[in-house]
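# Structural overview
Each chain, letter by letter, is given below.
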Amino acid sequence: MAEPFTILTSLPMPLIRDNIDTDQIIPSREMKSTGKTGLTDGLFAGWRYTEIGGREADTNFVLNDPHYADSQIILGGTNFGCGSSREHAVWALAEYGFRAIIAPSFAPIFSGNCVRNGILPAVIDADAIAIMEKADSPITIDLSMQKIGIHEGHSWTFPIDEEAKAMLIEGLDAIDLSLKMADDIATWQEADRAKRPWIYLGANQ
Amino acid sequence: MRKWGLFLPEPSSLFDKLWNSHVVTALPGSGALVAIDRVFLHERTGASALNSLAQAERPVADPARVFAVTDHIVDTRPGRTDKTLMPGGQAFITETRAAANAAGITLFDVNDPDQGIVHVISPELGIVLPGCTLVAPDSHTCTQGAFGALAWGIGSSEAEHAMATGTLRLNKPKSMRVCFFGTLAKGVTPKDMIMTLIAQYGAAGGKGHAVEFAGAAVSALDMEGRMTLCNMATEFSAMSGFIAPDAKTFEYLEGRRYAPKGSNWHQAVESWKQLASDTGAAFDTEIGIDASAITPMVSWGTSPENAMGISGAVPDDAGERSLEYMALDKGQKLAGTSIDAAFIGSCTNSRLSDLRRASALLKGKKIANHVKAICVPGSSRVKREAEAEGIDAIFREAGFEWRESGCSMCFYAGGESFETGSRVVSTTNRNFESRQGPGVKTHIASPETVVASALAGAIADVRELL
């Protein structure tokens, strides 16, 4: 169960490139065990170190900039998190300490993975993100108000579906919620089994 | 006479039909609890999801409808065992095996005759069916939409959810129809169709949408070509891609192991025939593409949207980062650019028809001396069938390596890869930085274009071979 997300204030780390794929967020070669943790060293490994597989920091990469050492928010580009469905990308971001990503759009699987792990994917247009980058000062995200503000007079709202919002704010577990609907599911399956018996492999093969 | 019109149902799209037939109940807000008919796992993330479920003491609700396969990091060299070239890779295989057995799900293991890439074997075995919902923790699950199924990739948490509850909590995406009208020219393939769509509308062009592929050029494709087309819907940022089932779909599936049999088969086909968008069905977005104008495509950058016709030049607005990585210049023609390697395989282009077309072009020829070339059949079945036709011999005699099936060098997991910084023409789906190995420069293209390039030793136009 993820930690509830309410109000977050942090200096955002700018990584404004379009189509940042999950291979860049965590390369497959950095997914070394079947667990969900121990992934922070692999985060952005291809861009963060001076050579592939190495661990010497490339000081030109923003993640290594001490100015952003405590950032919990990433400012991203269009189609953030495209590519592989690997949830390791989100596990690595969460384990490193990121709680929100602000981008003009997200790839759908990545966006869903974020919500399941307590990371807010906030869709904001590129112009507003450019203002936040230029300001280079802490921003405050108020999820219940769906609002992001940098200072007096500068704020933007972002859309988020009702369920994702509730999941993040309350730190809910989706499986728990759905298991409570077991009766609805059983009723539906019984009716469906009569219509599409071939779907239910155990009984009809 | 509109009198009876009042009683006619609203025309619905194929997507509406797939969606509506699986809504268990509405959820607060705009979401729905959607029934999931099939779940498919693989060894890269399967153990993680199954172990996490077991730790939470949540049983798999219906193990008969959950499958797993070893495809992602399994060794593809002959005589393989559980050992892989990926450091620590063996544990992914053995832990997935143990977890699959404990959960009581069906596993197609390393040397099972049915082993292969998940999106190749699921259709081969009739696991995906028209009108079903199928999910897998693999972004290319949309491939299976070719059968008129709603099939899409999910993360590990959602895989756990689907297995534990038989459902997922979803918001209904918008609907899009992409119509390819006209006829493909010679040497132009389904891979070129989907690459054209993504190049024209962008890697985020399908965001928020479920995409139906339609039109004469789509109907004309065989099932394997349709899978190639749907495979890259995820590279378009779509939730999924799918095609209305037809006689070709039913013919492909009849008699497959998990397909319905006897009276169930006839009942199923009757219901599947309803799975088409009604005349007048509404779509949130419609795109039309003239298939006859499509040429063989090749990517130049590090996103699938960075692609162009084979005779084109790198555009003037190309991103500096991509160009630096790919060691290309603005205005540079790709044709004639020397390559180091060629790869035929992956869930995009590794099926028997792909290998037949590639081998027909290779027959009696030799690839350029400096090119390392590898062919990895998509499944053990594809490999056997290709060998029965002598296709393996053609590949080998031309200078290709011929492998056991698996995802292989579509992605680099720390084991086998192409030489650092080398330039590869590949039938895969992603040209991301270091996707196929450290610094490897990937150009994605059709099997035909890969063969033409391997023969020439440089990126080449297959139409010159025809």
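Note on numbering: residues in each chain are counted from 1, in written sequence order. Following the order in which they are written, the chains are lettered starting with A and the ligands numbered starting with 1. Where local features are concerned, this predicted model is filtered to residues with pLDDT of at least 70; where side-chain atom pairs are given and counted, the filter is 80 or more; whole-chain, interface and lining totals use all residues.

Attention shifts here to the overall build of chain A. The way it works is that DSSP assigns letters per residue, a run of H or I at least four long becomes a helix, a run of E at least two long becomes a strand, and they are numbered from the N terminus. Helices and strands together make up the secondary structure of chain A, namely nine helices and eight strands. The C-alpha extent of chain A, read off along each of the three principal axes, is 60 × 45 × 25 Å. Here a residue counts as buried when 20 or more other C-beta atoms fall within 10 Å of its C-beta, as exposed when 12 or fewer do, and as partly exposed in between; the C-beta atoms come from the backbone. Evaluated residue by residue, chain A yields a buried proportion of 45% over its 205 residues. Remark: residues whose backbone-derived C-beta atoms lie within 7 Å of one another are considered to be in contact. Sequence-distant contacts, at least 24 apart, represent 66% of the contacts inside chain A between residues at least 6 apart.

Glancing now at the domain arrangement of chain A. Where interface size is quoted, it is often the accessible area lost as the parts come together. What the domain assignment lists for chain A is domain 1 (7–172) and domain 2 (173–205). Centre-to-centre, using C-alpha coordinates, domain 1 of chain A lies 36 Å away from domain 2 of chain A. Domains are outlined according to an automatic or database domain assignment.

Turning next to helix α13 (residues 380–388) of chain B. It helps to recall that an α-helix has 3.6 residues per turn; residues three or four apart then point in one direction. Residue and element names in this part refer to chain B. The set of residues buried in α13 consists of S380, R381, V382, K383 and A386. Those residues of α13 hidden inside the fold are in contact with α4 (118–124), α12 (352–362) and α14 (391–398). G390 lies just past α13 and shows a positive phi near 80 degrees.

Moving on, we come to the sheet that holds strand β12 (residues 285–290) of chain B. Residues and elements named next belong to chain B. The strand order across the open sheet formed by four strands is β11-β10-β9-β12, and the pairing between neighbours is parallel. Both outer strands of the open sheet, β11 (240–242) and β12, are each paired with one neighbouring strand and no more. When strand polarity is set aside, the average angle formed by the axes of neighbouring strands in this sheet is 20 degrees. Note on pairing: two strands pair once DSSP finds at least 2 bridges between them. As paired elements, strand β10 (residues 209–214) and β11 share three bridges and run parallel to each other. Orientation is described by axes fitted as lines to C-alpha atoms, over the contacting stretch for helices, and by angles from 0 to 180 degrees between their N-to-C directions.

Right, let's get into the packing of α12(B) against α14(B). Residue and element names in this part refer to chain B. Orientation of α12 relative to α14, taken along the N-to-C sense of each, is 45 degrees, at an axis distance of 9 Å. Judged on the interaxial angle alone, α14 and α12 are oblique. Crossing hand, α12 versus α14: left-handed. Every residue of α14 that contacts α12 at L355, R356, S359 and L362 is listed here: I391, I394, F395 and A398. Of the residues contributing to the contact of α12 with α14, the split by class is six nonpolar, one polar and one charged. Roughly parallel means an angle under 35 degrees; roughly antiparallel, over 145; roughly perpendicular, 65 to 115; everything else is oblique. Take the far helix as your reference; a near helix turned counterclockwise from it by less than a right angle gives a left-handed crossing, and one turned clockwise gives a right-handed crossing. Amino acids outside the nonpolar list (Ala, Val, Leu, Ile, Met, Phe, Trp, Tyr, Cys, Pro) and the charged list (Asp, Glu, Lys, Arg) are all regarded as polar, and Gly is one of them.

Here we come to the sheet that holds strand β8 (residues 167–171) of chain B. Residues and elements named next belong to chain B. Reading across the sheet, the three strands line up as β1-β2-β8 and stay open at both edges, with antiparallel pairing between neighbours. Every other strand in the sheet has two partners, leaving β1 (23–26) and β8 as the edge strands with one partner each. For this sheet, the mean inter-axis angle between neighbouring strands, taken without regard to orientation, is 30 degrees. Bridge count for β1 against strand β2 (residues 31–35) is three bridges, and the pairing is antiparallel. Residue pairing for β2: T25 is matched across the bridge by L33.

A separate point is the interface of chain B and chain A. Tallying the contact residues gives 60 residues for chain B and 46 residues for chain A. Mapped by element, the contributors of at least two residues to the side of chain B that touches chain A are β1, β2, α2 (46–55), α3 (89–103), α5 (156–165), β8 and α10 (262–272) of chain B. Top element by residues in the side of chain B that touches chain A is α5(B). It accounts for seven residues. The class makeup of the residues in the side of chain B that touches chain A is 25 nonpolar, 23 polar and twelve charged.

Attention now goes to the pairing of strand β4 (residues 100–103) of chain A. Residues and elements named next belong to chain A. Here β4 shows two buried faces, one formed by A100 and I102 and the other by I101 and A103. With three bridges connecting them, strand β3 (residues 73–75) and β4 associate as parallel partners. Counted as the bridge partner of I73 is A100 from β4. Handedness is read with the strands pointing away from the viewer; a crossover is right-handed when the path from the first strand over the helix to the second is clockwise. As for the winding sense of the linkage, the β-α-β connection from β3 through helix α3 (residues 88–96) to β4 is right-handed. Looking at chain direction, β4 and strand β5 (residues 120–123) are connected through four bridges and run parallel. Bridge assignment links A103 to a residue of β5, and that residue is V123. After leaving β4, the chain enters helix α4 (residues 108–116) and then returns to the sheet as β5, a path that is right-handed.

Residues and elements named next belong to chain B. For chain B, the domain assignment lists domain 1 (27–169 + 249–268), domain 2 (174–244 + 277–292) and domain 3 (297–465). For domain 1 versus domain 3, the separation of C-alpha centres amounts to 28 Å. With 24 residues of domain 1 at the interface, the matching set in domain 3 holds 20 residues. If one sorts the elements of the side of domain 1 that touches domain 3 by residue count, α4 sits on top with four residues. Considering only residue class, the side of domain 1 that touches domain 3 consists of ten nonpolar, nine polar and five charged.

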